Structures are given as structure tokens and as C-alpha cells.
Amino acid sequence: MANEPEALTKAERYPAADIGEQIRDICPQSIEIVDGLRQHGFEAYVVGGCIRDLMLGGQPKDFDVATDARPDDVVKLFKRARVVGRRFQIVHVRNGREVVEVTTFRAAHDARDTDDHESEQSDTGLLLRDNVYGDLCGDAIRRDFTVNALYFCPQSNEIIDYVGAMADIKNKTLRVIGDPVTRYQEDPVRMLRAVRFHAKLGFALAPETADALRNNGHLLHQVAPARMFDEVIKLFLGGAAAKTLDIILDFDLLQYLFPATAEALEDGQEYALELIQATMQNTDTRIAADKPVTPAFMYAAVLWPAVIELREACLDQGMYKDDALREAAHAATMDQLQTTAIPKRFSIPMREIWDLQSRLHLKDGKRAEKLRAHPRFRAAYDFILLREQAGENLEGLGEWWTRYQEENPVDESARPAPSKRRPPRKRRRRPPRNQQSQGNQ
Ligand code: ATP
Ligand code: MG
């Protein structure tokens, strides 16, 4: 084939069966992008997790394209395309509703020998920049796991395999491509990806992949908090949280994700483990039932054991109960931000859920009605139930609120019907400057 390099002869090629048809059904946009690139003389394939998931009979989350076109070329070819990332540049091509990630073939390289701007590696082997471009074969061996390195060629309707991925899929094995320690050093997030795919696919870890995972957790300290947050969300809000947690505990990795929680578990807080496990099971059940889940609730639950420990310390210092909880919540949040970011849109509701844990005790008279109207009431109530399920004694608080809601059903008809159209935003006219400060005088 005109577009393909010689190295391809070394690859195993398999008939794609109906994979091409499925991709055309689910994401014709990715095939259009491949076709568009090929028409301009570039090589291009659909690659990665989507091929893996289709081979396993699953539903891919997203579609990726790999090509020898440079990011600049891709941007020129497609109207709605933009380059994202610096460490690892990719192009997001929007086609209809779908965003397809287009990456340029990477090459294996020893960045320490180069002084260009395209690659950069720290003393510990961490890749600070990985934009050295190469060919298809090089691209395959730069990917993380064998099962993630399968390429689909729509032209020949074949799957191309450089790394023995087909055998690993058949044997249900997750194997890092190359030396696992080096590959984890280059990018420690691959360890979290190993955990995630181990849980999600139910594949066994190849022995070296597992050993390196057990011995190199400390590398996770090098990952930027914002990227850690993204990975934690994928780990625990991906539908296999309970299994993921088991693996994380088995490999002793919790200390690198939630250090204060890991410490609380070590200190032997009785219900802490049960609480986190129940949260993860609850999250999986909600996802399976297509119910919404939020990082705010997950974080509130996982950090709760840390909040409790800090609250005890504050109480020992003589603080009032409510002040102690507020102070502990603040300290636990600040601590966690060193490890994973928590965007404000999640940290604020997380703190509200915590705050309501003490306020839900104050339920006399009109207070209950007011509390129930709080936008975070439902989450806070669910959290009370989880705490009780985990063995905390809240003197029947969950049951009280369950009964209260049964006895006082919300009159749905009284609520304004949700309108599909958003009402026009009222424009508030800004008072003239000289009037603005009057209220404060
Ligand atoms: P899913 O989308 O189901 O989470 P995926 O395998 O598609 O899984 P993506 O994050 O979408 O994962 O990445 C697409 C592909 O890019 C992967 O299949 C893999 O080949 C490659 N890849 C992603 N992250 C890395 C990494 N940190 N190191 C090496 N290759 C990676
Ligand atoms: Mg993907």
C-alpha cells in the first residue's frame, strides 16, 4: 500500500472481521478523518483503546487516530481542529458532535542525548516533553500496554499488531510494552492506567508489569496534581470503583492518591475502610443504573476519615464541635490539594456535604424543612446513610431523615415545570459609579 512504510512487513496483520463496520456505525467521524488524511498522502489508522474494546465486545469511550501528519498539518486539513497539550501534543478534531484525538506517530528516543525542544527528560527518567515523531512501528512501541497498541486500517480492513497484542487479548493479559520500570519512570500515570485497565478489563497483570507496579508507587509523587485529579476521577467514576479500590489497596498505592486517608486507615479507624468500600460500591451501582455521580461526593467520602482524625485533634485542643469540623474540613482539603487538585466546582459542594453532616443533627421545628431545601441535602443524606452502613453510630439519624421525607413528600406539582428553553437572562443595570458604594457607607 502506497501510504505504508516498509517496517509494516514486520507486523502481524489480521483480518478486522466486523470491527470496521462497528467503527463506521459508532464513530464514522474517525474513519472520515483517516480517509481525509490518506487522501492527502498521509498514513493514518484508528488506534488504541477503541480497537481493544471492540475486540472484547465492549463499547469504546472515545476514538483515537494515529498518523504521520504533524500537528500543524492536521490543523491545516480540518476546519475544527486545535492543538492541545505541551508535554504530549495532540490535535482535537471536532467532527459533528464527536471529538477525535489525532496524534502524530511518536518515536522511541533517548531524550538525554538531544538538545532540541521536542523532547525533555528529567534525571529520574520522567518525560517532560515527548514530541519526537517517528513511524508506525515506533509509535506502537511508545504506547503503554500491548492491548492498547492495535491499529485498524480502513483501507485494507486489517488490524495491525507490532507487539503481540492479539495473544495478550486472547490470554487476557495486561502487559506494559518494554521494560515496565523504565516506562513507569517515563510517565508514572501509566501505573494508574495499569490499575484502571486491570479492574475494567479483568485482565491479569503480566508478572513484570505487576512487580514494577508494586515497587514504584513513590514515582506518583512526580505527577502534577491536576493530572492526578483527572486520573483519580477515571479510576473511581468509571464503573469499576470497588474493584479498583481493592487493587489500589493490594498494591499499597492509596498513600499516593489520598495520603491522609491512607494514614487514617493505618491508624486503625474502624469504619474508615468500610465507608470507602461502601462508597465505591454505591458509585458503581449508580453508574450501572445510569444515575449521575459526582467527584464531590466521592471526595467527601474518601477524605472523611482524614476529616474525622483532624477533627479529633481540634477537639483535643479545646475547640467547639462545629468549629472543629470546619477547621478539620479546611485542613483536609488543603492537605489533599498537594496530591490531587480539586476544582472549586467540586470542592465547594464537598465542603457543603461535610458541613451538613453536623447540621442535619439540628432538625427541630422549622429547621428540618430548611435543611431539606438545601441544594446539597440529598447528597448529605446519602452520606449519612453510608456512614451508618459503615458502622458509625449516629443514633438513628439516617432513619429519622428517611421517615421525615416519607411523611413530608415534596409536592412535585408545586415546583415550576422544567422548561426546555432557558429563560432570557435578566440584565441588571449597573448603577452609576457614584451610587455603587453607597450601601457600604
Ligand atoms: P479509555 O479511553 O477506555 O480510557 P484508552 O486506552 O483509549 O482507554 P486513552 O487515554 O483514550 O486510553 O488513550 C488512547 C491511547 O493512547 C491508549 O490506548 C494508548 O495507546 C495511548 N496512551 C494513552 N496514555 C498513554 C501513556 N500515558 N503512555 C503511553 N501511551 C498512552
Ligand atoms: Mg480512549
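Values in this document were obtained by computation on a predicted structure and should not be read as measured data.

Visitor: Outline the overall build of the chain, supporting the account with residue identities and numerical values.
Guide: If you tally the helices and strands in the chain, you get 21 helices and 12 strands. In the chain, which comprises 441 residues, the share counted as buried stands at 48%. For the chain, the proportion of contacts with a sequence separation of at least 24, taken over those separated by at least 6, is 67%. Here the chain displays about 23,800 Å² of accessible surface, and carbon together with sulfur accounts for 47% of that area.

Visitor: Describe helix α17 (residues 344-359), with residues and values.
Guide: Between its first and last C-alpha atoms α17 spans 22 Å; for 16 residues at 1.5 Å apiece the expected length is 22 Å, and the two agree. Among all positions of α17, only Phe 346, Ser 347, Pro 349, Met 350, Ile 353, Trp 354, Leu 356 and Gln 357 are buried. Residues of α17 that are buried sit in contact with α10 (225-236), α15 (295-316), α16 (321-337), α18 (366-372) and α19 (377-389).

Visitor: How would you summarise the packing of helix α8 (residues 189-201) against helix α11 (residues 241-250) if you had to cite specific residues and measurements?
Guide: α11 packs onto α8 with a crossing angle of 135 degrees between their chain directions and a minimal axis gap of 9 Å. It follows from the interaxial angle that α8 and α11 lie oblique. Between α8 and α11 lies a crossing of right-handed hand. Along the contact surface, α8 presents Val 195, His 198 and Ala 199, while α11 presents Lys 243, Thr 244, Ile 247 and Ile 248. Split into classes, the residues belonging to the contact of α8 with α11 amount to four nonpolar, two polar and one charged.

Visitor: Which residues make up the packing of aromatic side chains, and what are the values?
Guide: Taken as a whole, this structure holds 14 aromatic pairs when the rule is applied. Centroid distance Phe 236 to Phe 258: 6.5 Å. Interplanar angle 45 degrees. Geometry classified as tilted. Remark: Phe 258 occurs in the loop between α12 (254-257) and α13 (259-266) and Phe 236 occurs in helix α10; sequence separation between them is 22 residues. Overall, the relative accessible area of 1% leaves Phe 236 in the buried class. A relative accessible area of 0% places Phe 258 in the buried class. Arranged with centres 6.0 Å apart and planes meeting at 10 degrees, the rings of Phe 377 and Tyr 381 form a pair that is stacked. Placement of both Phe 377 and Tyr 381 in helix α19 is noted, with a separation of four residues, approximately one turn of the helix. Neither Phe 377 nor Tyr 381 differs from the other in exposure class; each is buried. A connected cluster of aromatic rings, assembled from ring pairs, spans Phe 229, Phe 236, Phe 258, Tyr 299 and Phe 346. Over the ring of Phe 251 we find Arg 214, and its NZ or CZ is 4.2 Å from the ring centre.

Visitor: Give a description of the sheet that holds strand β6 (residues 98-104) that names residues and reports values.
Guide: If you walk across this open sheet you meet the eight strands as β1-β10-β9-β2-β3-β6-β5-β4, and the pairing is mixed. Strands with a single pairing partner mark the edges of an open sheet, and in this sheet they are β1 (12-15) and β4 (81-84). Averaged over all pairs of adjacent strands, the angle between strand axes in this sheet comes to 30 degrees, irrespective of strand direction. Here strand β9 (residues 150-153) runs beside strand β10 (residues 158-161); their pairing, made up of four bridges, is antiparallel. Bridging from a neighbouring strand, Tyr 151 pairs with Ile 160 of β10. Packing of helix α2 (residues 28-39) onto the sheet brings it into contact with β2 (44-47), β3 (64-67), β5 (90-95), β6 and β9, and relative to β2 it is tilted by some 160 degrees.

Reading the values: rules and limits
- Residues numbered from 1 in each chain as written.
- Chains lettered and ligands numbered in written order.
- Predicted model: local features only at pLDDT ≥ 70, side-chain atom pairs only at ≥ 80, totals over all residues.
- Heavy atoms only, no water.
- Helix = DSSP H or I, 4+ residues; strand = E, 2+ residues; numbered from the N terminus.
- Buried < 20%, exposed > 50% of the residue type's maximum accessible area, 1.4 Å probe, protein only.
- Contact = heavy atoms within 4.5 Å.
- Areas by Shrake-Rupley, 256 points an atom, 1.4 Å probe, with all protein chains shown as cover.
- Expected span 1.5 Å × (residues − 1).
- Axes fitted to C-alpha atoms, helices over the stretch in contact; angles between N-to-C directions.
- Parallel < 35°, antiparallel > 145°, perpendicular 65-115°, else oblique.
- Left-handed = near helix turned anticlockwise from the far one by under 90°.
- Nonpolar A, V, L, I, M, F, W, Y, C, P; charged D, E, K, R; others polar.
- Phe/Tyr/Trp six-rings, centres within 6.5 Å; stacked < 30°, edge-to-face > 60°.
- Lys NZ or Arg CZ within 6 Å of the ring centre and 35° of its normal.
- Pairing = 2+ DSSP bridges.

Just distances and angles here, no functional claims.
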